[in-house]
Amino acid sequence: MNFSKALLLLSVLALTACAAEPPALGPDGKPLPQLYKISASDTSRITFGILDSVNALRAAGGVGALALSPELNAAAATHSRDMAVQNRPWHFGSDGSSPLDRGQRAGYAGRVLGENISETYETETETLSAWMAVPDTRDVVLNPAARDLGFAWYQEPSGKIWWTLVTGG
């Protein structure tokens, strides 16, 4: 019987060791953010995940799906890196370029319709959710005239991420 009790105790201790620790809480009582590190192998998952999420939101809003545009992706990537260099989230490049200029430079044949940007430590899903919570940035995602999507980011060594979403039609 002692062997059974010892075995039971060891089992309980083993299961206790496997239990996840509760997240650390900040002064506001909310969990402290965890570093979201993006690796090169995450690129396709993130890009196509955003495309799927945006298209699901657009379908729910009664507007057509977007196609991924390599040119708009390139324009978004250029702007994400440029915002990091400037250390400020804004729609103008360090050379004074606008989203329209960057789309043209990247060879996009259509018209750039909108651009959403973010400077954050949040994931792409959290960032898209934040954009959907604000009328101006939600309108970029749900613009019925949009047909194409570009999405990219630049992550600093500190973990800060500069996200850019561009729509065109």
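Heads up: the structure comes first, above all this text.
Residues numbered from 1 in each chain as written. Predicted model: local features only at pLDDT ≥ 70, side-chain atom pairs only at ≥ 80, totals over all residues. Heavy atoms only, no water.

(A) Representation of unusual backbone geometry in the model. A positive phi angle, close to 55 degrees, is found at Asn87, a residue other than glycine. Within the element layout of this structure, Asn87 appears in the loop between helix H3 (70–86) and helix H4 (99–105). The exposure class assigned to Asn87 is partly exposed, which follows from its relative accessible area of 48%. (Helix = DSSP H or I, 4+ residues; strand = E, 2+ residues; numbered from the N terminus. Buried < 20%, exposed > 50% of the residue type's maximum accessible area, 1.4 Å probe, protein only.)

(B) Geometry of helix H6 (residues 135–142). Buried residues of H6: Thr137, Val140 and Val141, and no others. Looking down the long axis of H6, one finds its buried residues gathered within 95 degrees of arc, a one-sided arrangement. Against helix H2 (43–60), strand S2 (112–120), helix H5 (124–132) and strand S4 (161–168) lie the buried residues of H6. (Arc of directions from axis to C-beta. Contact = heavy atoms within 4.5 Å.)

(C) Seen up close, the side chain of Asp42. Along the chain, Asp42 turns up in the loop between helix H1 (2–18) and H2. Exposure remark for Asp42: the relative accessible area of 15% places this residue in the buried category. A polar side-chain atom of Asp42 sits 2.9 Å from the main-chain amide nitrogen of Ser39. (Polar contact = N/O pair within 3.5 Å; in protein donor to acceptor, adjacent residues only side chain to side chain.)

(D) Broad picture of the pairing of S4. Counted residue by residue, S4 has 8 buried out of 8 residues, so it is predominantly covered. Burial of S4 is two-sided: the residues Ile161, Trp163, Leu165 and Thr167 facing one way and the residues Trp162, Thr164, Val166 and Gly168 facing the other way are all buried. As judged from the 8 bridges shared by S2 and S4, these two strands associate in the antiparallel manner. For Glu119, the partnering residue across the bridge sits in S4 and is Trp162. (Pairing = 2+ DSSP bridges.)

(E) Molecular detail of the packing of H5 against H6. Orientation of H5 relative to H6, taken along the N-to-C sense of each, is 110 degrees, at an axis distance of 6 Å. One element, H5, and the other, H6, form an angle in the roughly perpendicular class. Residues Leu128, Ala130, Trp131 and Met132 of H5 touch H6, and the partners they reach there are Thr137, Arg138, Val141 and Leu142. Residues that form the contact of H5 with H6 fall into these classes: 6 nonpolar, 1 polar and 1 charged. (Axes fitted to C-alpha atoms, helices over the stretch in contact; angles between N-to-C directions. Parallel < 35°, antiparallel > 145°, perpendicular 65-115°, else oblique. Nonpolar A, V, L, I, M, F, W, Y, C, P; charged D, E, K, R; others polar.)

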